[in-house]
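# Descriptive analysis of the structure
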Amino acid sequence: MKKKVFFKTFGCRTNVYDSQVMMSSLKDYEITQDENEADAIVINSCTVTNGADTHVRSYISQVEKNNSDAKVFLTGCGAHTKGESLLKDGRVHGVFGQSEKQKIDFMLSQDKPFYDAGDLNFVDDTIVDDFVGKSRAFVKIQEGCNFRCSYCIIPFVRGNARSMSEAKILEQITKLARNGFGEFILTGTNVGSYGVDTKTSLASLMKKMSMIRGVRRIRLGSIEPIQITDEFKEILSESWVEKHLHIALQHTSEKMLKLMNRRNVYKQDRELFELLSSKGFAIGTDFITGHPGESEEIWAEAMANARELPLTHIHSFTYSKRDATPSAYMKPEVNGSIAKQRLHELNTLIKEKNLGFRKNFNDELQVLVESEKDGLYHGLDQHFNKVIIKSDEDLVGNWVNIDNYEIKEDHNYANI
């Protein structure tokens, strides 16, 4: 009888993909969805903020309480920042870097505690043809980042940008499409960097993907403003491009963007966002509040600019000091409660903008239904807005077009 392993994934879509690679590579273990019956627990960790580190430690404490016999293994970005200390304290049995994930059987079989950081220059060549419990397919197209934003630790735990093989990516898309997947989310540490090292481009890859039978919608992870090139703009009207782009600004004050060592400029960001909005796109962004040096004057400028932008979604968080990054040594620091107030102010603004966007949209919603809960079906439309559907049919995994729906403050609702 095979031993059982449970995978716990924290963080970004890249980690979701990496967890699937590990599951696909398993031969000697059985995957379980019940962590309490697992003989081994693999934690695919995130370390983008202090909060992310805290979530991982809290989860380990939970495992120690509920299933103390399970061997715990740590991988992901946190393996490089917290792995050694957790191993030293005896809280995990093994630590391994992302490059070692295809060797998952070997890692889980180790009797003695170990630390294997792996290789930050590795390039994935795994073909994943299924996703456990998912109706959308995540496809990693690149790894690492060449940007050096002053607050960010990720390049130090994921390495420099390198692209996956185009042939391997297209082979994977083809297999996933044959297995019934119609929506593909392209992921990576810095998705827009795809092709910089292989003399190709993200737009070129997407065009080739669109020609594969069964590909219905392509969605991107976060992309930088300067990565939306003229070539990329040429594909914006294609039906297979999701009408939602997540473009990382991080801030909307010119002074703060310079402090953060960002490559974007607000004036150009605004012009780009207005172009995308004119083409019917919903637009999301990342934003950090409370970074050192964020004075009342800078915050007022940032909010005035944010009000001008046609934003519909936001992934915002308060600044989190990461050791050895330039921002960690910047002054003056911003009080945590002020950072949270600013976060709330920004989130409230974008929530209002999202509601306004949904009210102004007078067309059909194209929804991929992902799950069912308490008799209601949950899915995402072409603008990355959640739609909740009441239906007597089993809709999970189906595409549905909805032209009669109710717009509420939180989501859109339909009865079909």
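Details of the structure are given in the entry above.
Here Asp-381 shows up in the loop between strand E16 (376-380) and strand E17 (386-390). Reaching out from Asp-381, the side chain makes a polar contact with the backbone nitrogen of His-383 at a distance of 2.7 Å. One polar contact links the side chain of Asp-381 to the main-chain amide nitrogen of Asn-385, over a distance of 2.9 Å.

Residues Glu-372, Asp-374, Asp-392, Glu-393 and Asp-394 make up a contiguous surface patch of negative charge. Take Glu-393: it is sitting in the loop between E17 and strand E18 (399-402).

In this model, helix H7 (residues 166-178) (13 residues) spans 18 Å end to end at C-alpha, consistent with the 18 Å of a helix rising 1.5 Å per residue. Among all positions of H7, only Ile-169, Leu-170, Gln-172, Ile-173, Leu-176 and Ala-177 are buried. Around the axis of H7, the buried residues are gathered within 160° of arc, so they sit on the same side. Relative to its buried face, H7 has exposed residues pointing more than 90 degrees away, namely Ala-167 and Arg-178. In this structure, the buried residues of H7 make contact with helix H1 (13-25), strand E7 (137-140), strand E10 (183-187) and helix H8 (202-210).

Once that is clear, we can look at the environment of Thr-14. Relative to the assigned elements, Thr-14 resides in helix H1. Given the relative accessible area of 2%, Thr-14 is considered buried. In sequence terms Thr-14 and Gly-221 are 207 residues apart; their C-alpha atoms lie 9.1 Å from each other. What Thr-14 contacts, discounting residues up to four positions off in sequence, is Lys-140, Glu-143, Arg-158, Thr-187, Gly-188 and Thr-189.

Enumeration over the complete set of coordinates arrives at zero disulfides. Cys-12 forms no disulfide, and the closest cysteine sulfur to it belongs to Cys-77, at a distance of 6.5 Å. Its relative accessible area of 42% is what places Cys-12 among the partly exposed residues. Between Cys-77, a cysteine without a disulfide, and Cys-46, which holds the nearest cysteine sulfur, the sulfur-to-sulfur distance is 6.4 Å.

Time to look at the sheet that holds strand E11 (residues 217-220). Strand order in the open sheet formed by three strands is E7-E10-E11, and the pairing between neighbours is parallel. At either margin of the open sheet sits one strand with a lone partner, and together these are E7 and E11. Across the sheet, the axes of successive neighbouring strands diverge by a mean angle of 25°, strand direction being ignored. For E7 and E10, the ladder comprises four bridges, and the chain directions are parallel. Across the sheet, residue Lys-140 finds its bridge partner in E10, namely Thr-187. The sheet contacts of H1 involve E7, E10 and E11, and relative to E7 the element is tilted by about 95°. Packing of H7 onto the sheet brings it into contact with E7 and E10, and relative to E7 it is tilted by some 170°.

Now for the packing of H7 against H8. Relative orientation of the contacting elements H7 and H8 amounts to 35°, with a least axis distance of 10 Å. For the pair H7 and H8, the sense of crossing is right-handed. In contact with Glu-166, Ile-169, Leu-170 and Ile-173 of H7, H8 contributes Leu-205, Lys-208 and Met-209. A per-class count over the contact of H7 with H8 returns five nonpolar, no polar and two charged.

Each value, and the rule that gives it
- Residues numbered from 1 in each chain as written.
- Predicted model: local features only at pLDDT ≥ 70, side-chain atom pairs only at ≥ 80, totals over all residues.
- Heavy atoms only, no water.
- Helix = DSSP H or I, 4+ residues; strand = E, 2+ residues; numbered from the N terminus.
- Polar contact = N/O pair within 3.5 Å; in protein donor to acceptor, adjacent residues only side chain to side chain.
- Patch = residues over 30% accessible without salt bridge, like charges linked within 9 Å, V, L, I, M, F, W, Y side chains within 5 Å.
- Areas by Shrake-Rupley, 256 points an atom, 1.4 Å probe, with all protein chains shown as cover.
- Salt bridge = Lys/Arg side-chain N within 4 Å of Asp/Glu carboxyl O.
- Lys, Arg positive; Asp, Glu negative; His and termini not counted.
- Charge placed at Lys NZ, Arg CZ, Asp CG, Glu CD.
- Expected span 1.5 Å × (residues − 1).
- Buried < 20%, exposed > 50% of the residue type's maximum accessible area, 1.4 Å probe, protein only.
- Arc of directions from axis to C-beta.
- Contact = heavy atoms within 4.5 Å.
- Disulfide = S-S within 2.5 Å.
- Pairing = 2+ DSSP bridges.
- Axes fitted to C-alpha atoms, helices over the stretch in contact; angles between N-to-C directions.
- Left-handed = near helix turned anticlockwise from the far one by under 90°.
- Nonpolar A, V, L, I, M, F, W, Y, C, P; charged D, E, K, R; others polar.

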